[in-house]
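# Observations on chain architecture
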Amino acid sequence: MIVDELVARLDWDKSPLIPAVVQDTSTKEVLMLAFMDKQALQLTLESGYMHYFSRSKNRIWKKGERSGHTQKVESIALDCDNDALLFSITQVGAACHTGHKSCFFHKLDSSKPSALESKALESNALDSSSKAHTSDLSQVYGIMDTLYHTLLDRKGAPESSSYTASLYAKGVNGFGKKIIEEAGEVVLALKDKDSAQIVYECADLLYHILVGLAYYNIHPEQVLAELQRRLGLSGLAEKAARTKA
């Protein structure tokens, strides 16, 4: 009943997603900003651990479900308009998927508003055990998620800074041609029956497909969810349903 009352106090008419500011209970450092729908908030209140609604993955997720970097709720504050929440939490490991303690590790130079300093703030430094725990982010979060966020970071980078940035500078026509090219390479490798080359060319193709997904902010989990939806369906029936739509 208490959970229902707390959920009901929020103004969900403005938006189905409520901003959740997350703060370290001991240092008072702001660790991250995320969003919650009603179900994510209910799960948080019932379990005592932070749950969010991911706009990129289009699903509810528990913080630390893959990495083990959980957030235990210590206290909750509601803002004056009943449309935002402040959570004081105990953080295990890092709050940010990059391995930083806080997501707010880019320092803005007030004298140069357009310049972002990528060095982590001193307060973001993790202890040695936490650094060891987050040294290989691909193992912590999964290679698809890690690569996807890396591609997102490249979207705003100068064209000359990386191959990925140069693809984004060319736009859809640029990386679209690469997807077609790499798909052809996969077919040739399949015809040659070369297992190692098939794996290599498929990795190239997947990378360029992920570039396209990141361009439109589509998390690869949404593609996996679509495959999950189709599981057990007849391929012919699924195609027929798409034709009718």
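These numbers come from a predicted model, not from an experiment.

## Overview of the environment of Tyr 207
- Within the fold, Tyr 207 resides in helix 7 (residues 195–215).
- For Tyr 207, a relative accessible area of 16% translates into the label buried.
- Beyond its immediate chain neighbours, meaning those up to four positions away, Tyr 207 contacts Leu 147, Leu 151, Tyr 163, Thr 164 and Leu 167.

## Some words on the nonpolar core
- If you look at the biggest cluster of nonpolar residues, it comprises 21 residues, and the most contacted ones within it are Met 32, Met 36, Leu 41, Met 50, Tyr 52, Leu 85 and Phe 87.
- Listed by contribution, the elements that provide at least two residues to this core are helix 1 (2–9), strand 1 (18–24), strand 2 (30–36), helix 2 (38–47) and strand 6 (85–91).
- When residues in this core are grouped by element, the largest group, four residues, is from strand 2.
- Formed by ten residues, the second largest nonpolar core is a distinct cluster that contains Leu 151, Tyr 168, Phe 175 and Tyr 207.

## Comments concerning a nonpolar patch on the surface
- On the surface, Val 30, Leu 33 and Phe 104 cluster together into a nonpolar patch covering about 270 Å² of accessible area.
- The residue Val 30 is located in strand 2 in this model.

## Focus: helix 7
- Over its 21 residues, helix 7 extends 30 Å from the first C-alpha to the last, a length consistent with the 30 Å expected when each residue adds 1.5 Å.
- Along its buried surface, helix 7 packs onto helix 5 (143–154), helix 6 (163–192) and helix 8 (220–230).
- Directly after helix 7, the chain includes Asn 217, whose backbone phi takes a positive value near 55°.

## As for the layout of surface pockets
- One number sums up the size of the largest pocket: a volume of about 1,100 Å³.
- Around the largest pocket, the lining comprises 31 residues; the ones closest to its centre are Met 32, Leu 33, His 97, Cys 103 and His 149.
- Mapped onto the lining of the largest pocket, the elements with two or more residues apiece are strand 2, strand 3 (51–54), strand 4 (59–62) and helix 5.
- The leading source of residues in the lining of the largest pocket is helix 5, at five residues.
- Here the residues of the lining of the largest pocket are counted per class, giving 14 nonpolar, nine polar and eight charged.

## Re the pairing of strand 6
- Counting buried positions along strand 6 yields five of seven residues, so the element is predominantly enclosed.
- Bridge count for strand 1 against strand 6 is five bridges, and the pairing is parallel. Bridging from a neighbouring strand, Ala 20 pairs with Leu 85 of strand 6.
- Summarising the sheet, strand 5 (residues 71–78) and strand 6 pair through seven bridges and their orientation is antiparallel. Residue pairing across strands places Ala 77 opposite Leu 86, the latter belonging to strand 6.
- Taking the residues that link successive antiparallel strands as the turn, the strand 5-strand 6 hairpin has six residues, and the phi of Asn 82 there is positive, at about 60°.

Analysis parameters
By convention here, each chain's residues receive numbers from 1 onward along its written sequence. Note on the predicted model: pLDDT of at least 70 is required for a residue's local features to be given, and 80 or more for side-chain atom pairs to be given and counted; whole-chain, interface and lining totals, by contrast, use all residues. Side-chain measures were taken over the full set of non-hydrogen atoms in the model, leaving aside hydrogen atoms and water. Working definition: helices are DSSP H or I runs of at least four residues, strands are E runs of at least two. Numbering for both runs from the N terminus. Exposure categories follow from relative accessible area, calculated using a 1.4 Å probe and restricted to protein chains: below 20% of the type maximum is buried, above 50% is exposed, and the middle band is partly exposed. The contact criterion used is simple: two residues touch if any of their non-hydrogen atoms lie within 4.5 Å. In this text, buried Ala, Val, Leu, Ile, Met, Phe, Trp, Tyr and Cys residues form a nonpolar core when linked through side-chain atoms within 4.5 Å. In this analysis, a patch consists of residues with relative accessible area above 30% that form no salt bridge, clustered at 9 Å for like charges and at 5 Å for the nonpolar side chains Val, Leu, Ile, Met, Phe, Trp and Tyr. Note on areas: Shrake-Rupley, 1.4 Å probe, and residue coverage restricted to the protein chains presented here. Every case where a carboxyl oxygen of Asp or Glu lies within 4 Å of a side-chain nitrogen of Lys or Arg is listed as a salt bridge. Helices are assigned an expected span. That span is 1.5 Å times one less than the residue count. Think of a 1 Å grid over the protein atoms and nothing else: a 1.4 Å probe that fits but is trapped marks a cavity, an open set flanked by protein within 12 Å on at least five of seven lines marks a pocket, and residues with an atom within 4 Å of a point count as lining. Grid points are joined across faces, edges and corners, and a volume is the space filled by probe spheres set on the points. Under the scheme applied, nonpolar residues are Ala, Val, Leu, Ile, Met, Phe, Trp, Tyr, Cys and Pro; charged residues are Asp, Glu, Lys and Arg; polar residues are all the others, including Gly. Strands were regarded as paired on the criterion that DSSP finds at least two bridges between them.

Nothing here speaks to function; it is geometry throughout.
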